[in-house]
Amino acid sequence: MHEAGLWARSLYPSLRSALTARGEPSPSEGLVVETLRVAGLLHDVGHGPFAHFFDDNVLGAFAAPPDPRRPAGKRLTHEDLSQLIIERELGEVIRGLRRAPGAVAERDGFGGGESIDPRWVSFLVSKPALADPAMPVWIGWLQPLLSGVFTVDNLDYVRRDAWMTGVAIDIDVERLRRYAFVGERGLTLYEPGLAALEMFLTSRLFLYQQVYFHRTVRAIDLDLAEVFRPSVQAIFGEASPADALDAYLDLDEYALLHRAARWTRGDSVAAAAAPGDGRVTPAVADVWRAILLRRPRWRSEAELRLEYEAGARPDDEIATLGPAVPGQVAIDLAIVDARPADATATDSLLAVEGRDGSSLSLARSLGRLPAYALIARRYRRIV
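Computed from a predicted model, the values in this text were never measured in an experiment. (Residues numbered from 1 in each chain as written. Predicted model: local features only at pLDDT ≥ 70, side-chain atom pairs only at ≥ 80, totals over all residues. Heavy atoms only, no water.)

1. Concerning the overall build of the protein
Then, number 1: Counting secondary structure elements, the protein contains 19 helices and seven strands.
Then, number 2: Its C-alpha atoms put the protein at 70 × 45 × 40 Å along the principal axes.
Then, number 3: For the protein, the residues scored as buried account for 49% of the 383 residues in total.
Then, number 4: Sequence-distant contacts in the protein: of pairs separated by 6 or more residues, those separated by 24 or more amount to 72%.
Then, number 5: For the protein, the accessible surface area stands at approximately 18400 Å², while carbon and sulfur atoms represent 52% of it. (Helix = DSSP H or I, 4+ residues; strand = E, 2+ residues; numbered from the N terminus. Buried < 20%, exposed > 50% of the residue type's maximum accessible area, 1.4 Å probe, protein only. Contact = heavy atoms within 4.5 Å. Areas by Shrake-Rupley, 256 points an atom, 1.4 Å probe, with all protein chains shown as cover.)

What follows is the structure, given as structure tokens:
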């Protein structure tokens, strides 16, 4: 939220100039700042327990709510739930805001008749980004700050997580912000800022490889994958969270871990458990015991680190790890997008202006980074 506010303050002068050049009215600085701050605060409000793990192992089983602004067939994600919560649960609170924090009333207060439309915030946090001509132009220009090449989210968590885990990285976010502006092509980076962007993306990749994809983290994930769905179903039942928002708002890590701790003590454990009855089988309780005691039942015995472009995953090299054997051997693939893989999409998310005023290709400028980085490991069950 704070990072979003810093970006909104920095971008506002160029945003106003770009709107004026188009002959369109400009919103007040307070409205722009607070709209982006609220989007930064609420972009992950739809997360379930264990964040993206919940998306992959629970939400993906359900269809996303129909939306004419995107292709049919999308699976449910936490961003979809964030949109629903913002519009249905928090809309009245958002509409009631009247200023951004600051010491200058005439700058930080909203203009006459201005208020934040919750649909703006919902649009900003959508992933993949929605195409909606009904949105104000300035909202569309700021959308990449929530789902672009860099975001106020990952600019925050990369630095925070590196500091908390003791991983040494060097990121100059102030330089990146200084060279960003809003132009006729939307969010734009001036060429001297490219080095800061590449430094950030490289640091993000390093953190994924050293922390998020650590061999012990992934070993615990293998255990968690075995019990996650039946555990969530025991608490929440089999309904789609999109159809039961009130109950979903109470489903967080604290709720799940509290139940898991009880299951490990033998409470609410039964040979036959039904969705929603709060009970799990003894096998599920045993796995939770290993997870809570930080004693993964899998050990990494081989590892490959590979980089590749879109459509060129090195399956032959991955195959050298051998086949998976259910319950005995697991082949784990941890993949991160080091940069947007599609050049057209990359250049549409962030324009680059050269020192001579020319238009540069961001995809070409980031060519030293791989589209994808992969850590492939063979794990063997030890318990």
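Next comes the rest of the account.
2. Some points on helix α2 (residues 29-42)
Then, number 1: With 14 residues, α2 extends 20 Å from end C-alpha to end C-alpha; this agrees with the ideal 20 Å at 1.5 Å per step.
Then, number 2: The buried fraction of α2 amounts to 13 of the 14 residues, a majority that puts the element mostly inside the structure. (Expected span 1.5 Å × (residues − 1).)

3. Observations regarding helix α10 (residues 152-165)
Then, number 1: Taking 1.5 Å of rise per residue, the 14 residues of α10 would be expected to cover 20 Å, and the 20 Å separating its terminal C-alpha atoms lies within 8% of that figure.
Then, number 2: By the burial criterion, the buried members of α10 are Val152, Asp153, Asn154, Leu155, Tyr157, Val158, Asp161 and Ala162.
Then, number 3: Just downstream of α10 lies glycine 166, where phi reads positive at about 75 degrees.

4. Topic: the nonpolar core
Then, number 1: Ranked by size, the top nonpolar core spans 68 residues in total, and within it Trp7, Trp138, Leu145, Phe150 and Leu197 carry the most contacts.
Then, number 2: For this core, the leading source of residues is helix α12 (residues 194-212), giving nine residues.
Then, number 3: Leave out the neighbours within four places in its chain, and leucine 197 touches Val149, Phe150, Leu176, Leu189, Leu350, Leu362 and Leu366.
Then, number 4: Among the nonpolar cores identified, the runner-up in size contains 28 residues, and Phe54, Phe62, Phe228 and Trp263 belong to it. (Core = buried A, V, L, I, M, F, W, Y, C linked by side-chain atoms within 4.5 Å.)

5. Topic: the pattern of salt bridges
Then, number 1: On inspection of all chains with the given rule, the structure shows 30 salt bridges.
Then, number 2: Here aspartate 67 makes a salt bridge to arginine 69, at a shortest N to O gap of 3.0 Å.
Then, number 3: Judged by its relative accessible area of 17%, aspartate 67 is buried.
Then, number 4: A relative accessible area of 25% places arginine 69 in the partly exposed class.
Then, number 5: With a shortest N-O distance of 2.8 Å, arginine 160 and aspartate 156 are connected by a salt bridge. Residue arginine 160 and its partner aspartate 156 are located together in helix α10, separated by four residues, close to a single helical turn.
Then, number 6: Owing to a relative accessible area of 32%, aspartate 156 belongs among the partly exposed residues under this scheme. (Salt bridge = Lys/Arg side-chain N within 4 Å of Asp/Glu carboxyl O.)

6. Some details on the sheet that holds strand β4 (residues 329-337)
Then, number 1: Strand order in this open sheet of three strands is β3-β7-β4, and the pairing throughout is antiparallel. This sheet does not close on itself; its edge strands, each paired only once, are β3 (298-308) and β4. Neighbour-to-neighbour, the strand axes of the sheet open up by a mean angle of 20 degrees, direction not taken into account.
Then, number 2: Both β3 and strand β7 (residues 372-381) contribute to a ladder of 10 bridges, which runs antiparallel. (Pairing = 2+ DSSP bridges. Axes fitted to C-alpha atoms, helices over the stretch in contact; angles between N-to-C directions.)

7. Thoughts on a negative patch on the surface
Then, number 1: There is a patch of like negative charges on the surface, built from Glu89, Asp246, Asp250, Asp252 and Glu253.
Then, number 2: Classification of glutamate 253 by relative accessible area gives partly exposed; the value is 36%. (Patch = residues over 30% accessible without salt bridge, like charges linked within 9 Å, V, L, I, M, F, W, Y side chains within 5 Å. Lys, Arg positive; Asp, Glu negative; His and termini not counted. Charge placed at Lys NZ, Arg CZ, Asp CG, Glu CD.)

8. Things to note about the side chain of serine 147
Then, number 1: Note on placement: serine 147 falls in helix α9 (residues 144-147).
Then, number 2: According to the relative accessible area criterion, serine 147 is buried, its value standing at 16%.
Then, number 3: A distance of 3.0 Å separates polar atoms of two side chains, one belonging to serine 147 and the other to glutamine 143.
Then, number 4: Among residues more than four places away in sequence, those in contact with serine 147 are Ser126, Lys127, Ala129 and Leu349. (Polar contact = N/O pair within 3.5 Å; in protein donor to acceptor, adjacent residues only side chain to side chain.)

9. Examining the sheet that holds strand β6 (residues 359-360)
Then, number 1: Taken together, the four strands give an open sheet; going across it, the order is β1-β2-β5-β6, and neighbouring strands pair in mixed fashion. Edge positions in the sheet fall to β1 (180-183) and β6, since each of these pairs with one other strand and no more.
Then, number 2: Alignment of strand β5 (residues 351-353) against β6, held across two bridges, turns out to be antiparallel. Note on β6: the bridge partner recorded for valine 352 is leucine 360.
Then, number 3: In this fold helix α1 (residues 2-21) packs onto β1 and β2 (186-190), with an angle of close to 25 degrees to the strand it touches most, β1.

10. Some points on the environment of tryptophan 120
Then, number 1: Inspection of the secondary structure assignment puts tryptophan 120 in helix α7 (residues 118-124).
Then, number 2: Once the C-alpha coordinates of tryptophan 120 and alanine 39 are considered, the two residues, 81 residues apart in sequence, prove to be 8.7 Å apart.
Then, number 3: If sequence neighbours within four positions are ignored, tryptophan 120 has contacts with Leu31, Thr35, Ser115, Met135, Pro136, Trp138 and Ile139.

11. Examining the packing of aromatic side chains
Then, number 1: On inspection of all chains with the given rule, the structure shows 12 aromatic pairs.
Then, number 2: Both rings, one in phenylalanine 50 and one in phenylalanine 228, keep their centres 5.9 Å apart while their planes meet at 90 degrees; by these two values the pair is edge-to-face. Here the residue phenylalanine 50 occupies a position in the loop between α2 and α3 (52-57), and phenylalanine 228 occupies one in helix α13 (residues 215-236), the gap between them amounting to 178 residues.
Then, number 3: A relative accessible area of 25% means that phenylalanine 50 is categorised as partly exposed.
Then, number 4: Of the residues examined, phenylalanine 228 reaches a relative accessible area of 0% and is grouped as buried.
Then, number 5: Ring geometry for phenylalanine 54 and phenylalanine 228: centres 6.0 Å apart, planes at 80 degrees, overall edge-to-face. Of this pair, phenylalanine 54 sits in helix α3 while phenylalanine 228 sits in helix α13, placing them 174 residues apart in sequence. The two residues phenylalanine 54 and phenylalanine 228 agree in class, both being buried. (Phe/Tyr/Trp six-rings, centres within 6.5 Å; stacked < 30°, edge-to-face > 60°.)

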